[in-house]
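# Analysis of the macromolecular model
Here is what each chain is made of, one letter per residue.
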Amino acid sequence: MKKTVFFGALMAAGVAAGAAAAATLDDVKARGKLNCGVATGVPGFAAPDANGEWKGFDVAVCRAVAAAVLDDASAIEFVPTTGKTRFTALASGEIDMLARNTTWTFSRDVDLKFTFVGVNYYDGQGFMVPKELGVTSAKELDGATVCIQTGTTTELNLADFFRVNNLSYEPVPIETNAEAQQQYLAGACDVYTTDASGLAATRATFENAADHVILPEIISKEPLGPLVRHGDDEWGDIVRWTLNALIAAEEMGVTSANIAEMSAAAGDNPEINRLLGTEGNLGEMLGLSADWAKKAIMANGNYGEIFATNIGVDTPIGLARGLNAQWTEGGLLYSPPFR
Amino acid sequence: MTTLTDPPRESFRLSMLIYDTRYRSMTIQVVAMICFMLMAAWLINNTTQNLESLGKKIEFGFLAEPAGYDINQRLIDYTSRDTHLRASFVGLLNTLLVAVMGCVLATILGVFIGVLRLSKNWLIARIMTIYVEMFRNVPVLLWIVLFMAVLIETLPSPRAFRGDNATASMWLGDTMAVTNRGVYIPEPLFSRPLGDLPVFGAFNISLELLLLVAILIAGLFGARVIGKRADAVQEATGDRPTTWYIQLGVVLLPLIAALLAMGFHLGYPELKGFNFAGGIHMRNSLIALWLALSFYTAAFIAEIVRAGILAISKGQTEAANALGMRPGRTMRLVILPQALRVIIPPLISNYLNLTKNSSLAIAVGYMDITGTLGGITMNQTGRELECLLMLMLVYLAISLTISGVMNWYNERVKLVER
């Protein structure tokens, strides 16, 4: 009996190991659902709302892809991942794509065998401290206790920043954002450090948000973006150009309000026509329907609309566009042309 | 008249492998073995092939690269520029630290609780029953998280110690600070230090510590010799000479002399900047993990001790009582030595459990080997298979060592039959 169970387990392990293969698009279509890896709960970026429905800036990318591929923005299985589990989940094929404020770095791209399809948020690592400490610069943090999420690039940036500036500190490694909040608010650490957007999101949930300041130093470049596995370029193209479609839509003034009208018939602007599928065959090249981009944009609106509803200045998160404005407005967002 | 003929010598036929009970079990074992090996080979082949197609070869070169991350608790020198291998080693020492501390505390607590649960005092026995049932029926992870939450939420932060109207104050005449970042206790310092002894050029062991441990061992050995001599006198004359003050002197005097010679004094923690500086910092993560693991395992050990004691026949207690021994002595000299041989084998597996459970450390941010090698290193390098294989080997080695030592001890204390 014991042996039988053991063989069974061996079999299962072997089968599971062999399952991660290419042709993600076919898998997703056959499954009728997109498995999308998101964060375990970062307000504004990815968190379930009161009805248990996932909402957020990163979630919107998942929804756009699902809409483009499956014509249904809700046909998604959201898989919450931590900083530690996300790469294993993607590499093993448990999820089709990862949209979880993940920094695009050389070694993740090259060594871990992932393809970053673009950047949906240009971020940088910052520090948050209680106002009562009277700290105005990160250079004054000598000897401080710093709460930090483990398994992220933040950990390495932090070590480098303090070493280069000859400051000492005490790292307190923490598994999730929620635990970090608890420790920070209880005063078990003086400083909480993570991406500045994450800090703003976390601060927004505090009872007395005004008692905490985000220090001016941004100590790293953190381009956050969705990623897929190496080895399936067709799938990578779909996710990449869905993201680009959202960005291009904002640039060209295509919004969820006017998209129905604009896509009804070919208009004057040939690029809009190609984007919305009223001209050319871009959708066919991707292996999708002609109006794939229209569906993707209709899921949550264009990039600007997604930003404004989830993390913009009018939301509790209150982030300004900053680097994340269109290139025409002094930001870094720049979609390659649709032709 | 009948003639006896030898039964015809049966020649071996292949079918006998199945139909002959003499060979059948052998056949089944051989077939099972072949199947098992085929499976294993297929599994390994499958893994390497899949890794190959992903372009990931198994290699351990990453261990020599700089780790790049800091570790708050380290028993040996470590900076973020050191290698992943050294970071793993720091983690390994942290694992061993909490495992050893946990085993010691769990044993002490467990023996006390086990004995008290058999107490004739109704209240004490019930309280111990409640303790045991509470701790062993809730997952240890929850205990760890609960201990940590209690430490963080109830204790004052270092800020509360600052200023004229501080809301918190230090304990024991300003020598000890209990904060929600950990407990700061005075540290031993030497004004005439002996220096450090480098081991393999990898880390240093302080010579003061080595000297003190050597003196302590020598003192304990001396005390034992004196005790043996007292035993001999008691055997010969029936009178036991009072030796406890001589034994105490043999152990303590050389220690005190050595401490004075090296200029021993205490370094006290004091509030400096954001945190307390000076003294030994026992971090909350360590305390929470240590206490939770110890209390949890103590509940199991208490049951083992109770079972061991109950396994000794009542006649032994009655015989000891008849000789006029007091209950405490009966327990110490008659019951426990015999109970030990029942207690030790299951005790080994509880020590192993505690050590393996210490891998839950990451829940409170304690950087054990699962947190360094199996956590940050694995994450930053992306070498899951290599890291996990090494991690498994390390735990296997620790467990086998513990069980080897305990089995040796078991051999020594087990009943020698005459």
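Residues numbered from 1 in each chain as written. Chains lettered and ligands numbered in written order. Predicted model: local features only at pLDDT ≥ 70, side-chain atom pairs only at ≥ 80, totals over all residues. Heavy atoms only, no water.

## Considerations on the confidence of the model for chain A
When pLDDT is averaged along chain A, the result is 87, and 94% of the positions lie at 70 or above. This stretch, residues 1–21 of chain A, has a pLDDT under 50; its non-local contacts, to residues over four places away or in other chains, come to 17 contacts. (pLDDT = per-residue confidence, 0-100. Contact = heavy atoms within 4.5 Å.)

## Description of the nonpolar core
In terms of nonpolar packing, the biggest core is built from 63 residues, with Y131, I144, L289, Y351, Y366, L373 and M406 of chain B touching the most fellow members. Those elements that provide at least two residues to this core are α3 (84–117), α4 (122–136), α5 (140–154), α8 (284–311), α10 (327–357), α11 (369–381) and α12 (384–413) of chain B. Among the elements that make up this core, the one with the highest residue count is α8 of chain B (15 residues). Setting aside anything within four residues of it in sequence, one finds Y351 of chain B in contact with C103, T107, I301, I402 and M406 of chain B. Counting 60 residues, the second-largest nonpolar core is a separate cluster that includes C62, A66, L224 and I297 of chain A. (Core = buried A, V, L, I, M, F, W, Y, C linked by side-chain atoms within 4.5 Å. Buried < 20%, exposed > 50% of the residue type's maximum accessible area, 1.4 Å probe, protein only. Helix = DSSP H or I, 4+ residues; strand = E, 2+ residues; numbered from the N terminus.)

## Let's talk about unusual backbone geometry
In most cases, non-glycine residues show a negative phi, while peptide bonds are predominantly trans. Residue and element names in this part refer to chain A. With a phi angle near 65 degrees, D71 is a residue other than glycine that sits in the positive phi range. Exposure remark for D71: the relative accessible area of 52% places this residue in the exposed category. Even without glycine at this site, N166 takes up a positive phi of about 60 degrees. Relative to the helices and strands, N166 is located in the loop between α6 (153–164) and β10 (169–174). Residue classification places N166 among the exposed positions, given a relative accessible area of 70%.

## Remarks on the interface of chain B and chain A
With 45 residues of chain B in contact, the opposing surface of chain A contributes 49 residues. Roughly 3700 Å² of surface becomes buried between chain B and chain A when both sides are summed, with 55% attributable to carbon and sulfur atoms. Contact with chain A buries surface across chain B, with R159, F274 and N379 of chain B losing the most and accounting together for 19% of the total. The interface formed by chain B and chain A contains 12 residue pairs in polar contact (both at pLDDT 80 or more). At the level of elements, α2 (21–54), α5, β9 (280–283) and α11 of chain B are the ones that each hand at least two residues to the side of chain B that touches chain A. No other element matches α2 of chain B, which puts nine residues into the side of chain B that touches chain A. Looking at the side of chain B that touches chain A residue by residue, the class counts come to 19 nonpolar, 17 polar and nine charged. (Buried area = accessible area lost by both parts, 1.4 Å probe. Polar contact = N/O pair within 3.5 Å; in protein donor to acceptor, adjacent residues only side chain to side chain. Nonpolar A, V, L, I, M, F, W, Y, C, P; charged D, E, K, R; others polar.)

## So, a nonpolar patch on the surface
The grouping of W244, Y245, I246, L248, L252, L253, I256 and L260 of chain B at the surface amounts to a nonpolar patch, some 860 Å² of accessible area in total. Here Y245 of chain B lies in helix α7 (residues 244–261). (Patch = residues over 30% accessible without salt bridge, like charges linked within 9 Å, V, L, I, M, F, W, Y side chains within 5 Å. Areas by Shrake-Rupley, 256 points an atom, 1.4 Å probe, with all protein chains shown as cover. Salt bridge = Lys/Arg side-chain N within 4 Å of Asp/Glu carboxyl O.)

## Focus on the domain arrangement of chain A
Residue and element names in this part refer to chain A. According to the domain assignment, chain A consists of domain 1 (21–122 + 224–329) and domain 2 (125–220). One C-alpha centre belongs to domain 1, the other to domain 2, and the line joining them spans 29 Å. Listed per partner, the contact involves 17 residues of domain 1 and 12 residues of domain 2. With both sides pooled, the region where domain 1 packs onto domain 2 buries about 1100 Å², and carbon together with sulfur makes up 60% of that total. Of all residues in domain 1, the largest losses of buried area upon contact with domain 2 belong to P43, K84 and I317, amounting jointly to 30% of the total for that side. Where domain 1 meets domain 2, there are zero salt bridges. Summed over the shared surface of domain 1 and domain 2, the result is zero residue pairs in polar contact (both at pLDDT 80 or more). Of the residues contributing to the side of domain 1 that touches domain 2, the split by class is eight nonpolar, five polar and four charged. (Domains from an automatic or database assignment.)

## Let's talk about the sheet that holds β9 of chain B
Hydrogen bonds between backbone groups are what pair the strands of a sheet, and the pairing can be parallel or antiparallel. Residue and element names in this part refer to chain B. Read from one edge to the other, the open sheet built from three strands follows the order β1-β2-β9, with strand pairing classed as antiparallel. Strands at the two margins of the open sheet, each flanked by one partner only, are β1 (177–179) and β9. When strand polarity is set aside, the average angle formed by the axes of neighbouring strands in this sheet is 15 degrees. In this structure, strand β2 (residues 182–185) lies alongside β9, joined through four bridges in antiparallel fashion. By the bridge assignment for β9, G182 is matched with R283. Where α8 meets the sheet, it contacts β1, β2 and β9, and its direction lies at approximately 55 degrees from that of β9. (Pairing = 2+ DSSP bridges. Axes fitted to C-alpha atoms, helices over the stretch in contact; angles between N-to-C directions.)

## Observations concerning the sheet that holds strand β11 (residues 191–195) of chain A
Residues and elements named next belong to chain A. Taken in spatial order, the five strands of this open sheet run β10-β9-β11-β8-β12, and their pairing is mixed. Two strands bound the open sheet, and with one partner strand each, they are β10 and β12 (212–214). Within the sheet, the average angular offset between the axes of one strand and its neighbour, ignoring direction, is 30 degrees. Alignment of strand β9 (residues 144–149) against β10, held across six bridges, turns out to be parallel. Within β10, the position partnered with Q149 by the bridge is I174. Packing of helix α8 (residues 196–204) onto the sheet brings it into contact with β8 (125–130), β11 and β12, and relative to β11 it is tilted by some 125 degrees.

## Let's talk about the pairing of strand β1 (residues 34–39) of chain A
Residue and element names in this part refer to chain A. With six of its six residues buried, β1 lies for the most part within the structure. Summarising the sheet, β1 and strand β4 (residues 76–81) pair through six bridges and their orientation is parallel. When the bridges of β4 are listed, C36 appears paired with F78. As paired elements, β1 and strand β5 (residues 97–98) share two bridges and run parallel to each other. Its bridge partner being in β5, G37 is matched across the sheet by L98.

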